[in-house]
Amino acid sequence: MSAFNESFRFGIRNIRKRPYRSFCLVLAAVIGSYALFVGLALKASLNNGIGRMQERMGADLMIVPESSEIEARNILLTGEPEFFYMDVAVATAAAEIEGVECATSQFYFTSLSSDCCSTRVQLIAFDPDTDFVIGPWIDERVTSDVSNGSVIIGSEVTPLSNGKVKFYGNEYSVAGKLGETATGLDHSVFMSRDTMHGILNDAKDKGYQFLNPEDDGAWVSTVLLRVSDDADITAVEKEIYNRAGGIRFIETDKLISDVAVKLGSVENIINVTLTVLLVFSFLTMILFFSVIFHERKKEFAVLRILGTSSRRICFFSLTEGITIGAAGGIIGLVLGILTVFPFNHYIENSLDVPYLMPSVAAVILYGMIGVLVTTLFGSLSSFLSTLSLAHAETYYTMRTGE
Amino acid sequence: MAFLEAQKLVKEYNRRGKTFRAVDDIDFTIEPGDFVMIEGESGSGKTTFLNLLTGLTDPTSGAVIIDGRSLKETGDKEISKIRNQKIKYIPQGESLLSALTVRENILFPFTIGGLERPSEERLLEVSDKLGITDLLDEYPSDLSGGEMRRATIARAVINKPSLIIADEPTGSLDSANTFKVMEIFRDIASEGTAVIVVTHQKETLGYATRVLEMDQGSLKEVV
Amino acid sequence: MNKTKITGIVIAVLGLLTALIPTVIFKVCEAMDGKFMKCHWTSQTEVAVGIATIVLGLLIVVSKEKAAQAAYAVASAINGVLVILIPTVVIGVCGSHDMPCHSGTQPALIIAGSLIIVTALINAVSYVISKKKA
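This one's a predicted model, so the numbers in the text were calculated from it and none came from an experiment.

**A short note on the overall build of chain C**
When helices and strands are counted, chain C shows 4 helices and 0 strands. Sequence-ordered secondary structure for chain C, helices as α and strands as β, is α-α-α-α. Viewed in the frame of its principal axes, chain C has a C-alpha envelope of about 60 × 20 × 20 Å. Here chain C holds 134 residues, and the buried ones make up 46% of them. In chain C, of all internal contacts separated by at least 6 residues, the share reaching a separation of at least 24 is 75%. Accessible surface computed for chain C: about 6,600 Å², of which carbon and sulfur atoms make up 74%. Distance between charge centres in chain C, computed from 10 positive and 5 negative side chains, equals 22 Å.

As structure tokens, then:
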């Protein structure tokens, strides 16, 4: 029987013979590994989310009605359905300004939540001819274009069981699905202006009047602009404002830096909680191992008497520490997986900041880090406790006070 | 050559700033086959002396020489090996490992050391003699004080070591078992093992080939 | 306290969780415009299944017959399957990921149900093994 085998078995026997203590120790390791895994996964998802958001915000500048800035931000950040509009003249004006590379307009309105068990979603009519913000992110699944009355759905929109979506009593087939953007667009449904007119008419029939009875083609909710690199964005804003009043500008860079600030505070909370839990886990393990080994001073003395070298005794206790740390680490990891994956959307909805799970490989890496760290905690705390005993002369003698 | 020799052995402890000499300049030798009994009042330094002999405690000055080698020059690993294979120490009080059964306790020195496991016959022979055969698969927590004592003795004698050192081995035994244990020690001594027993029980002194008395750290030959 | 009784206690606690998840911990959606949605009925049913599971768990704890305990365990496992099927197949929850019943209640119930099944099977399997040994 190899020395490793023997000390492993002896360690396991000691762990099993003292279920309560072992349970507390494993629990400490579980907390450490769980906190580390969930904390790292959350942080990575947040950073991933804002990164994706930055990447997918196609426009530099967004023009919205003066009174609707907050609503527009809600649409972009959380997908909270909103409805507002302004005169189409803004779009025409903006397109003519020097420094504006692309300009496209969109019209925002909302669905009903009454179609059983589907939340209200943001409906967005866009112009496929000028569009430069949605098109690039449509996944390859597009089967037909949106001109024939089908729609494109955001990644978080769940179609009905027949694969269609339903608004105001009518069903629409899905032409494509957007990739995840970590923005409110994930909760939106995109369509052509023609389709929009049809839905608006259905809504009117049901008693939901979005627009005045006038020609709704003359209204837009927002104008999205891409400004050329050498143009001064403030000058562009000024120029547009001079031509069409009653508007507000939302700069994508500023929007993202606002989100980054909010994200920073969420991250701080995660960091603090993570640190506290890790320290708690480590201290608990050190404390418990010290108490255990103090109580077991006599047992170590017996091991010495029977011819176990100091190194071997350290090895025995190290085995206990590693086993407990690794076992707790793995349990914590399993619990973490059961939190992060099934409750992915729940976490996303609660955090109110862009949230996008990183790749499975990255998540596996965090899991391994968690297990590794608690295993290290276990071995370190058991080792430190044994070391403190090894230095005490009393450790060798059977009778205390001699 | 003596198997074990102690030369001018001194052990001092510090107690609240005062130096206290637990073992005071002891010279001592033991030959194979010797059955030495040491008596003395409690606190006279007997246990410290035994700890020094087995290398569990380092002396303040002087030397312990086993098989011609000073323990001072022997590393922890080798001293441990000596304790594992040649010197069996039966300390005072309970010294069974609580996580292991009686059988596993008796065989434990062989699982951690290099010596070959004793045969099942040898195990049963010893356990029969000590009356613990029925208890082999019990855990120490289910045993009485006397039963634990006997299991400890079984652990020490099973492989006929070079030296057995026992610190009040029969303290918790009745007189019948006490004499049985002494007979085992005497038998094993007659087969060439050196035995050192610390005892309070005057009636057992007759088993010894030598009797020593410990008094305030000094050792005197009585018989 | 033997291991069988511990599984009984664990099953009872998981039963309690099953009843609490849709009502307290991950509350399902409120009625909309006075109309109850699917998740409401899922919630009601899960409460009933949860209570049944609590009873089965306690029966395992109090019963003295090993065979009866194993039978209750098997019944608990079936309950565990129900706990999973109700929000996924039998009744379901609301369609959107944004609804709390979909993002919270459903996964929580699936986990609770799985744990009930695993615990109950540990009990039942250990009974079969002990029976084979005897």
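There's more to say after this.
**What to know about the pairing of strand S3 (residues 35-39) of chain B**
Residue and element names in this part refer to chain B. For S3, the buried fraction is high: 5 of the 5 residues fall into the buried class. Burial along S3 is two-sided: the residues Phe 35, Met 37 and Glu 39 and Val 36 and Ile 38 are all buried. By the bridge criterion, 4 bridges tie S3 to strand S8 (residues 194-198) in an arrangement that is parallel. Its bridge partner lying in S8, Ile 38 is registered against Val 198. By the bridge criterion, 4 bridges tie S3 to strand S9 (residues 210-215) in an arrangement that is parallel. Within S9, the residue paired with Met 37 across the bridge is Val 211.

**Brief notes about the packing of aromatic side chains**
Both the distance between ring centres and the angle between the ring planes are used here to describe each pair of aromatic rings. Residues and elements named next belong to chain A. Taken as a whole, this structure holds 15 aromatic pairs over all chains when the rule is applied. Here Phe 282 and Phe 377 contribute two aromatic rings whose centre-to-centre distance is 4.6 Å and whose plane-to-plane angle is 35°, an arrangement assigned as tilted. Placement of Phe 282 in helix H7 (residues 252-295) and of Phe 377 in helix H11 (residues 360-391) is noted, with a sequence separation of 95 residues between them. For Phe 377, a relative accessible area of 14% translates into the label buried. Among the aromatic side chains, those forming a connected cluster through ring pairs are Phe 83, Tyr 85, Phe 107, Phe 109 and Trp 219.

**A short note on the pattern of salt bridges**
Opposite charge on two side chains lets them pair, provided their charged atoms get close. Evaluated as defined, the whole model comprises 20 salt bridges over all chains. Ionic pairing is found between Arg 13 of chain A and Glu 104 of chain B, a salt bridge with its closest N-O pair at 2.6 Å. Residue Arg 13 of chain A is located in helix H1 (residues 3-17), and its partner Glu 104 of chain B is located in helix H3 (residues 102-112); the two belong to separate chains. Overall, the relative accessible area of 22% leaves Arg 13 of chain A in the partly exposed class. Take Glu 104 of chain B: its relative accessible area is 25%, and that puts it in the partly exposed class.

**Overview of the sheet that holds strand S10 (residues 222-227) of chain A**
Residue and element names in this part refer to chain A. Pairing in this open sheet of 9 strands is mixed, and the strands run S6-S7-S5-S8-S4-S3-S10-S1-S11 from one edge to the other. Each end of this open sheet is capped by a strand with a single partner; those strands are strand S6 (164-167) and strand S11 (247-251). Strand-to-strand twist across the sheet, computed as the mean angle between neighbouring axes with direction ignored, equals 35°. Sheet analysis places strand S4 (residues 122-126) next to strand S8 (residues 188-191), joined by 4 bridges and oriented parallel. Bridging from a neighbouring strand, Ile 124 pairs with Phe 190 of S8. Along the sheet, helix H3 (residues 69-77) contacts strand S1 (61-65), strand S3 (100-110), S4 and S11; its crossing angle with S1, the most-contacted strand, is approximately 130°. Packing of helix H4 (residues 89-96) onto the sheet brings it into contact with S1, S3, S10 and S11, and relative to S10 it is tilted by some 10°.

**As for the packing of helix H8 (residues 297-305) of chain A against helix H9 (residues 310-340) of chain A**
Residue and element names in this part refer to chain A. Look at H8 against H9: their axes get within 10 Å of each other, and the N-to-C directions meet at 135°. In terms of orientation, H8 and H9 fall into the oblique class. Of the two elements, H8 crosses H9, and the hand of that crossing is right-handed. Here Phe 300, Leu 303 and Arg 304 of H8 come into contact with H9, specifically with Ser 310, Ile 313 and Phe 316.

**What about the interface of chain A and chain B?**
Taken together, the contact pairs 27 residues of chain A with 31 residues of chain B. Regarding the contact of chain A and chain B, the summed buried area is about 2,700 Å², with carbon and sulfur atoms giving 53% of it. Counting the contacts that link chain A with chain B gives 2 salt bridges. Here Arg 304 of chain A makes a salt bridge to Asp 76 of chain B, at a shortest N to O gap of 2.9 Å. The interface formed by chain A and chain B contains 10 residue pairs in polar contact (both at pLDDT 80 or more). Elements represented by at least two residues in the side of chain A that touches chain B include exactly H1, H8 and H9 of chain A. It is H8 of chain A that provides the largest number of residues to the side of chain A that touches chain B, a total of 6 residues. Grouping the constituent residues of the side of chain A that touches chain B by class yields 8 nonpolar, 7 polar and 12 charged.

**Topic: the environment of Tyr 13 of chain B**
Residue and element names in this part refer to chain B. Among the structural elements, Tyr 13 can be located in strand S1 (residues 4-15). Judged by its relative accessible area of 14%, Tyr 13 falls in the buried class. Between the C-alpha atoms of Tyr 13 and Val 23, which are 10 residues apart in sequence, the distance is 9.5 Å.

How each quantity is defined
- Residues numbered from 1 in each chain as written.
- Chains lettered and ligands numbered in written order.
- Predicted model: local features only at pLDDT ≥ 70, side-chain atom pairs only at ≥ 80, totals over all residues.
- Heavy atoms only, no water.
- Helix = DSSP H or I, 4+ residues; strand = E, 2+ residues; numbered from the N terminus.
- Buried < 20%, exposed > 50% of the residue type's maximum accessible area, 1.4 Å probe, protein only.
- Contact = heavy atoms within 4.5 Å.
- Areas by Shrake-Rupley, 256 points an atom, 1.4 Å probe, with all protein chains shown as cover.
- Lys, Arg positive; Asp, Glu negative; His and termini not counted.
- Charge placed at Lys NZ, Arg CZ, Asp CG, Glu CD.
- Pairing = 2+ DSSP bridges.
- Phe/Tyr/Trp six-rings, centres within 6.5 Å; stacked < 30°, edge-to-face > 60°.
- Salt bridge = Lys/Arg side-chain N within 4 Å of Asp/Glu carboxyl O.
- Axes fitted to C-alpha atoms, helices over the stretch in contact; angles between N-to-C directions.
- Parallel < 35°, antiparallel > 145°, perpendicular 65-115°, else oblique.
- Left-handed = near helix turned anticlockwise from the far one by under 90°.
- Buried area = accessible area lost by both parts, 1.4 Å probe.
- Polar contact = N/O pair within 3.5 Å; in protein donor to acceptor, adjacent residues only side chain to side chain.
- Nonpolar A, V, L, I, M, F, W, Y, C, P; charged D, E, K, R; others polar.

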